[in-house]
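Spelled out from the first residue to the last, the chains are:
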Amino acid sequence: MLNYIFKRLLALLPTIAVPMVLLFVLLRLTPGDPAAVILGEEATATDIENLREEMGLNQPIILQFIVWLGRMVRFDFGESIFLRAPVSELVLAAATVTAQLAVLALIVAVLLGPLLGAIAASTKSRIVDKAMVVGSAVGIAMPTFWLAILMVLVFGVMLRWFPVAGYVAPTENFGQFLSFMAMPALALGVLEAATLFRYSRNGVLDAKFQPFVTTARAQGIGERTITGKYVFRAALVPVVTVVGLSMASLLGGAVVTENVFSLPGLGKLLLTAVDRRDYPLIEGCIFLIAIIFVVVNLLVDVVCALIDPRIRLDSKD
Amino acid sequence: MKNDQLGAHNDLVLELTNVSKEFTLGGVFKRSKHVAVDNASLSVKRNQVVGLVGESGSGKSTLGRISIGLIRPTSGSVRVLGQDIFALGKDELRLYRRKMQMIFQDSSNSLNPRMSLQELIEEPMRVQNLYSAGERRMRARALADEVQLAEGWLGRYAHEFSGGQRQRISIARGLALEPELIVADEPVSALDVSVQARVLNLLKDIQESRSLSMIFVSHDMAVVEFMSDQVAVLCDGKIMENGPAEEVFANPKSAYTRTLLDSSPSL
Amino acid sequence: MSVGEKVLLEVCDLNIDILKPEGPSRVVHSLNFSLKAGKTLGVVGESGSGKSMTATAIMGILPDVAVASGQILYKGQDLLTATHAERRKLSGSEIGFIFQEPMSALHPTMTIGEQMIRPMRMHLGFSKKQARDRASDLLDLVGIPPTRGVLGSYVHQLSGGMRQRVMIAMSISCNPALLLADEPTTALDATIQKQILDLLLKLRDDLDLALVLISHDLGLVSQYTDDVVVMLDGYEMEQGATQEVIANPKSGYTQGLLEAAPRLGHQPHRLPVIDKSIYSKVTL
Ligand SMILES: Nc1ncnc2c1ncn2[C@@H]1O[C@H](COP(=O)(O)OP(=O)(O)OP(=O)(O)O)[C@@H](O)[C@H]1O
Ligand SMILES: Nc1ncnc2c1ncn2[C@@H]1O[C@H](COP(=O)(O)OP(=O)(O)OP(=O)(O)O)[C@@H](O)[C@H]1O
Ligand SMILES: [Mg+2]
Ligand SMILES: [Mg+2]
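The shown structure was predicted, so the numbers you read here are calculated from the model rather than taken from an experiment. (Residues numbered from 1 in each chain as written. Chains lettered and ligands numbered in written order. Predicted model: local features only at pLDDT ≥ 70, side-chain atom pairs only at ≥ 80, totals over all residues. Heavy atoms only, no water.)

**A word on the site of ligand 2**
Part 1 of the argument: Taken together, 21 residues lie near ligand 2, and B:R156, B:S162, C:S47, C:G48 and C:S52 sit nearest.
Part 2 of the argument: At ligand 2, the nearby residues belong to more than one chain, namely chains B and C.
Part 3 of the argument: Contact distances for ligand 2 include 3.3 Å between an oxygen atom and a backbone N or O atom of B:G163.
Part 4 of the argument: One nitrogen or oxygen atom from the main chain of B:G164 is found 2.7 Å from an oxygen atom belonging to ligand 2.
Part 5 of the argument: When isolated, ligand 2 has an accessible area of 640 Å², and the protein chains bury 95% of it.
Part 6 of the argument: For the shell around ligand 2, the elements supplying multiple residues, two or more each, are α5 (163-175) of chain B together with α1 (51-59) of chain C. (Near = heavy atom within 4 Å. Polar contact = N/O pair within 3.5 Å; in protein donor to acceptor, adjacent residues only side chain to side chain. Areas by Shrake-Rupley, 256 points an atom, 1.4 Å probe, with all protein chains shown as cover. Helix = DSSP H or I, 4+ residues; strand = E, 2+ residues; numbered from the N terminus.)

**Brief notes about the sheet that holds strand β2 (residues 25-36) of chain C**
Residues and elements named next belong to chain C.
Part 1 of the argument: Across the sheet, four strands lie side by side as β2-β1-β4-β5; this open sheet has antiparallel pairing. Looking at which strands have only one partner, the edges of the open sheet turn out to be β2 and β5 (77-78).
Part 2 of the argument: Direction of pairing for strand β1 (residues 7-18) relative to β2: antiparallel, over a ladder of eight bridges. Opposite E10, over in β2, you have S34 as the bridge partner.
Part 3 of the argument: Docked against the sheet, α1 engages β1, β2 and β4 (66-74), running at close to 115 degrees with respect to β1. (Pairing = 2+ DSSP bridges. Contact = heavy atoms within 4.5 Å. Axes fitted to C-alpha atoms, helices over the stretch in contact; angles between N-to-C directions.)

**A word on the side chain of C:T111**
Part 1 of the argument: Relative to the assigned elements, C:T111 resides in the loop between α3 (102-105) and α4 (112-124).
Part 2 of the argument: Not counting residues up to four positions away in its chain, the partners in contact with C:T111 are C:L151, C:G152, C:S153 and C:Y154.

**Concerning helix α5 (residues 128-141) of chain C**
Residue and element names in this part refer to chain C.
Part 1 of the argument: The end-to-end C-alpha distance of α5, which contains 14 residues, comes to 20 Å, matching closely the 20 Å that a straight helix rising 1.5 Å per residue would cover.
Part 2 of the argument: When we look at burial in α5, the residues that qualify are A131, A135, S136, L138 and L139. The arc enclosing the buried residues of α5, seen along the axis, measures out at 160 degrees, which places them on a common side. Exposed residues on α5 whose side chains face more than 90 degrees from its buried face are K129 and D137.
Part 3 of the argument: Contact partners of the buried residues in α5: α4 and α6 (160-171).
Part 4 of the argument: Looking one or two residues beyond α5, the residue adopting positive phi is G143, at roughly 90 degrees. (Expected span 1.5 Å × (residues − 1). Buried < 20%, exposed > 50% of the residue type's maximum accessible area, 1.4 Å probe, protein only. Arc of directions from axis to C-beta.)

**Details of the interface of chain C and chain B**
Part 1 of the argument: The interface of chain C with chain B comprises 54 residues on the first partner and 51 residues on the second.
Part 2 of the argument: Here chain C and chain B share an interface that buries about 4000 Å² over both sides, 54% of which is from carbon and sulfur atoms.
Part 3 of the argument: Across the chain C-chain B interface, the total number found is two salt bridges.
Part 4 of the argument: In this structure, B:D106 and C:R163 form a salt bridge, with 2.2 Å as the shortest nitrogen-oxygen distance.
Part 5 of the argument: There are 11 residue pairs in polar contact (both at pLDDT 80 or more) connecting chain C and chain B.
Part 6 of the argument: Those elements that place two or more of their residues in the side of chain C that touches chain B are α3, α6, α7 (190-207), α8 (218-224) and α10 (252-260) of chain C.
Part 7 of the argument: Counting residues per element, the side of chain C that touches chain B draws most heavily on α6(C), at five residues.
Part 8 of the argument: Partitioned by chemical class, the residues of the side of chain C that touches chain B number 20 nonpolar, 22 polar and 12 charged. (Buried area = accessible area lost by both parts, 1.4 Å probe. Salt bridge = Lys/Arg side-chain N within 4 Å of Asp/Glu carboxyl O. Nonpolar A, V, L, I, M, F, W, Y, C, P; charged D, E, K, R; others polar.)

**Quick look at the coordination of the magnesium ion (ligand 4)**
Ideal geometry at a metal centre: 109.5 degrees between donors when four sit tetrahedrally, and 90 or 180 degrees when six sit octahedrally.
Residues and elements named next belong to chain C.
Part 1 of the argument: The coordination sphere of the magnesium ion (ligand 4), as far as protein atoms go, consists of S52 (OG) and Q100 (OE1), spread over 1.9 to 2.2 Å. Here Q100 lies in the loop between β6 (95-98) and α3 and S52 lies in helix α1, a separation of 48 residues in the sequence.
Part 2 of the argument: Here S52 falls in the partly exposed class, since its relative accessible area comes to 24%.
Part 3 of the argument: According to the relative accessible area criterion, Q100 is buried, its value standing at 16%. (Donors = N, O, S within 2.8 Å, 3.2 Å for Na, K, Ca; no water.)

**A short note on unusual backbone geometry**
Part 1 of the argument: A positive phi angle is found at A:S262, which is not glycine, with a value near 50 degrees.
Part 2 of the argument: Judged by its relative accessible area of 36%, A:S262 is partly exposed.

**Some points on the confidence of the model for chain C**
Part 1 of the argument: Within chain C, residue pLDDT values average 90, and 96% of them lie at 70 or more.
Part 2 of the argument: The ipTM for the predicted assembly is 0.90, set against a pTM of 0.85. (pLDDT = per-residue confidence, 0-100.)

**Focus on the site of ligand 1**
Part 1 of the argument: As a matter of local geometry, ligand 1 sits amid 21 residues, with B:K60, B:S61, B:T62, C:S159 and C:G161 nearest to it.
Part 2 of the argument: At the site occupied by ligand 1, nearby residues are drawn from chains B and C.
Part 3 of the argument: At 2.7 Å from an oxygen atom of ligand 1 is found a main-chain nitrogen or oxygen belonging to B:G57.
Part 4 of the argument: Interatomic distance of 2.9 Å between a backbone N/O atom of B:G59 and an oxygen atom of ligand 1.
Part 5 of the argument: Contact with the protein chains hides 92% of the accessible area of ligand 1, taken as 640 Å² for the molecule alone.

**Observations concerning the pairing of strand β8 (residues 213-217) of chain B**
Every regular strand shows the same layout, with side chains that alternate between the two sheet faces.
Residues and elements named next belong to chain B.
Part 1 of the argument: When you tally the buried positions in β8, you get five out of five residues, the bulk of the element.
Part 2 of the argument: Where burial is concerned, the two faces of β8 agree: the one with S213, I215 and V217 and the one with M214 and F216 are both buried.
Part 3 of the argument: By the bridge criterion, five bridges tie strand β7 (residues 181-185) to β8 in an arrangement that is parallel. Looking at β8, one finds that V183 is bridged to I215.

**Looking at the coordination of the magnesium ion (ligand 3)**
Part 1 of the argument: Bound to the magnesium ion (ligand 3) are the protein donor atoms B:S61 (OG) and B:Q105 (OE1), situated 1.9 to 2.2 Å from the metal. Of this pair, B:S61 sits in helix α1 (residues 60-67) while B:Q105 sits in the loop between β6 (100-103) and α3 (117-127), and the two are 44 residues apart along the sequence.

**A look at the sheet that holds strand β9 (residues 227-232) of chain C**
All names here are of chain C.
Part 1 of the argument: Spatial ordering of the open sheet is given by β6-β7-β8-β3-β9-β10, a layout of six strands whose pairing is mixed. Two strands bound the open sheet, and with one partner strand each, they are β6 and β10 (235-241). Each adjacent strand pair in this sheet contributes to an overall mean axis angle of 15 degrees, direction not counted.
Part 2 of the argument: The strands touched by α6 within the sheet are β6 and β7 (178-182), with β6 carrying the most contacts at an inclination of about 175 degrees.
Part 3 of the argument: Running at roughly 100 degrees to β9, α10 makes contact with β3 (40-45), β9 and β10 of the sheet.

**Some thoughts on the environment of A:F180**
Residues and elements named next belong to chain A.
Part 1 of the argument: With respect to the helices and strands, the residue F180 is situated in helix α9 (residues 174-208).
Part 2 of the argument: For F180 and D275, which are 95 residues apart along the polypeptide, the C-alpha to C-alpha distance reads 25 Å.
Part 3 of the argument: Here F180 is in contact with P163, A165, G166, Y167 and V168, once residues within four sequence places are set aside.

**Topic: the domain arrangement of chain A**
Residues and elements named next belong to chain A.
Part 1 of the argument: Per the domain assignment, the segments making up chain A are domain 1 (2-73) and domain 2 (88-315).
Part 2 of the argument: Centre-to-centre separation of domain 1 and domain 2, based on C-alpha positions: 33 Å.
Part 3 of the argument: Each side of the interface is counted separately: domain 1 has 16 residues, and domain 2 has 16 residues.
Part 4 of the argument: Carbon and sulfur atoms make up 78% of the surface buried where domain 1 meets domain 2, a total of about 1600 Å² over both sides.
Part 5 of the argument: Three residues stand out in domain 1 for area buried against domain 2, namely Y4, I16 and L23, and they jointly supply 33% of the buried area on that side.
Part 6 of the argument: At the boundary of domain 1 with domain 2, the tally comes to zero salt bridges.
Part 7 of the argument: Summed over the shared surface of domain 1 and domain 2, the number is one residue pair in polar contact (both at pLDDT 80 or more).
Part 8 of the argument: Those elements that place two or more of their residues in the side of domain 1 that touches domain 2 are α1 (2-11), α2 (13-29), α3 (34-39) and α5 (61-73).
Part 9 of the argument: The element that contributes the greatest number of residues to the side of domain 1 that touches domain 2 is α2, accounting for six residues. (Domains from an automatic or database assignment.)

**Describing the packing of aromatic side chains**
Part 1 of the argument: A complete count under the given rule lists eight aromatic pairs over all chains for this structure.
Part 2 of the argument: Taken together, a centroid distance of 5.4 Å and an interplanar angle of 35 degrees make the contact between A:F155 and A:W161 tilted.
Part 3 of the argument: Since its relative accessible area comes to 24%, A:F155 is described here as partly exposed.
Part 4 of the argument: In textbook terms, an aromatic cluster arises when at least three aromatic residues are bridged by ring pairs, as seen for A:F24, A:F65 and A:W68.
Part 5 of the argument: In this arrangement the basic side chain of B:R156 is found over the ring face of B:F161, its NZ or CZ atom lying 5.4 Å from the centre.
Part 6 of the argument: In this structure, B:K204 packs its charged tip against the face of B:F226, placed 4.1 Å from the ring centre. (Phe/Tyr/Trp six-rings, centres within 6.5 Å; stacked < 30°, edge-to-face > 60°. Lys NZ or Arg CZ within 6 Å of the ring centre and 35° of its normal.)

Here's what the structure looks like:
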């Protein structure tokens, strides 16, 4: 198992390396002087020259690459050009906020989606089922920012239940943290729940008619145990996989949501960095996002193998 | 037909050399090992049917799966038509699968519940991109008819069939691609004698007319005798005995083979 | 048939219909048979003739699209009109079922042990340890020694015959009075088949178990059953004491079944087949 995890991490190195190298190349391929591009039109010649010096752009490209590679391997991303702070610190601080948002949204999604899915699959009322299916279809189709803005309007501006934008760290004031996070987490989580709902409902519907459920019935096992143990355990596998995929779309959604609610997260940081062409900061953000994706994917595979014995992680069968 | 062509070295369709398979049992962390196939060597010539017998759990299905590249042996080599199939890349192996098909022991488990009978039989042809859509439809109908599945049932789903009917769907799927090697794992175990006779006759006809090679797994000695030219006896993953069918049935060398033959129920 | 023996199961005029949008289609037509405690009834017939449907109707686990009518009396109680709760009390404890396809009948992500233990804890009130020990003993009885560690395995890790034996061990774990065995030994060679049927017969003698043995294997049915029902396309073709039916089949279809069986050491180039249209009561 550990062996497998190690191998997987190794194999996924390219997932991280490719976007990074691409970023490096893109910057150098930009027509004109990268330093001038970064600093924009109003920059003076000395500013540009200083930046060229700082970024090592005066050296031959091969040398630049080697130096760059050396820094990447040491996780040294240098300083942000505009914020004038170490990239690693900025990125980590922002990632903490994003992680909090993603985890809260995931909790919302995981509590809501599978539960409603199981209810829709088991209810005898076709109307309830239909209504829920339609609801989830709307949720899947709705863009995150749209729901986010709607929520700001309704709960923030009209009802004034929650603050419209801003962030307080949980260590500072947990209650306020929650009130700031409630809307973004719900906006993100509810939409993710819609996807989970669909898979859970299908999973339960599939499992419900499997012969092993009939076997349990023939053994006199009660309907509640059948649903809770036999059906649930079989429906779980596809749902966990989808939860894993959700993590990816949650992170994507977080970028948008953070901007709507002005949360100082990775998404907001990345957008700011791109906006200002702060290349070291972009590199830092992309690097961390790639790492998060890799680790999340691996986690999902391991969890799937734990709940489904048919999946063998480390053999080539 | 029972034939032993001479000097037919290049006529080897399947060649298993010192094949072993070790399974790890238990959960993800707690483990034990079990040797399912132990240093087995076996070859099947063109137009030859090798019967594979042995007690339950002796490794017949595992050996069958290895033969068509479904599971990788722990050691040993598997050659189909001279090609080491485990040296092939994933995509190459997928294309090569067309030449080798398996009729599974637990057939209904391999049937997609969302496909109708028509689609189920067409599926292997579609996956391999063979024939035009019209031809596929015609072939599927013909195959369904050959395994005694009525024309009116083509729109039914797998769970709407009886156990024996599902087994016949599997047989039709196995034959759909005109493979060169078929591993038939207990293909007629759920069939009554009459339908079984039809299906066995069909298998034999097809085998003879296309010079197919076949591994035929069954615990029913009479059925094995009817189908096979050669018989291999498996015990605890090892091949105990391997020879022409008449010989093995007339003078079983191993005690195990003798018990198998003696305890066959008869009317 | 002596007067003292109790009839355990009586199937009267059983019809089973499959409901389809284009109208119902009948797969079992007015079937009648009865079974006494301690007796064995064989059900043979063509593939698709309605054997499994009949058994699932008795067990009360017909698929949703199928409806049964008529009467199925178990100890005098009509199972077709029994409530859900009444049925549950019988299922698994008084009536055991061996499924035809063990691979799909067993849960894919639960260990064999867990699946075997739950009914015993429920019906027999066993502790976890007691149930586990009994499960282990039962597996040993069907020829799977405890050293194989099957209780901790999953169904996909077992061979076809092992799955079938797990299914059998499971079905008798709560000492049923009636066992419905749907093709219980199709994946087993003659040696183990004999071992298992001898085990079932021992239960019959010890516990007065009544056994319905569905099989396509006439050799098996002739050796192990008292009475036999022969089915074709949902109709009963013939019924009677097994030895009688085998020795003097009244129906041409039964006759055909007896002749079509492949025999060891007597190998025609082609096996004889039955033209069932002569015997079928279904008008095409
Ligand atoms: N995926 C697996 N994981 C672990 N063990 C396995 C797996 N598949 C098979 N085995 C074990 O390998 C052995 C051989 O199994 P196999 O299915 O080849 O037997 P078989 O000869 O086909 O038996 P049968 O006649 O009962 O079908 C068995 O003991 C089985 O438990
Ligand atoms: N869910 C279903 N919907 C429609 N038809 C069905 C369904 N299940 C079974 N049938 C049909 O009912 C008939 C009887 O099926 P049954 O399973 O009882 O056969 P069987 O005698 O057990 O056959 P086998 O020996 O092949 O298992 C078959 O023709 C089958 O196609
Ligand atoms: Mg097998
Ligand atoms: Mg059946």
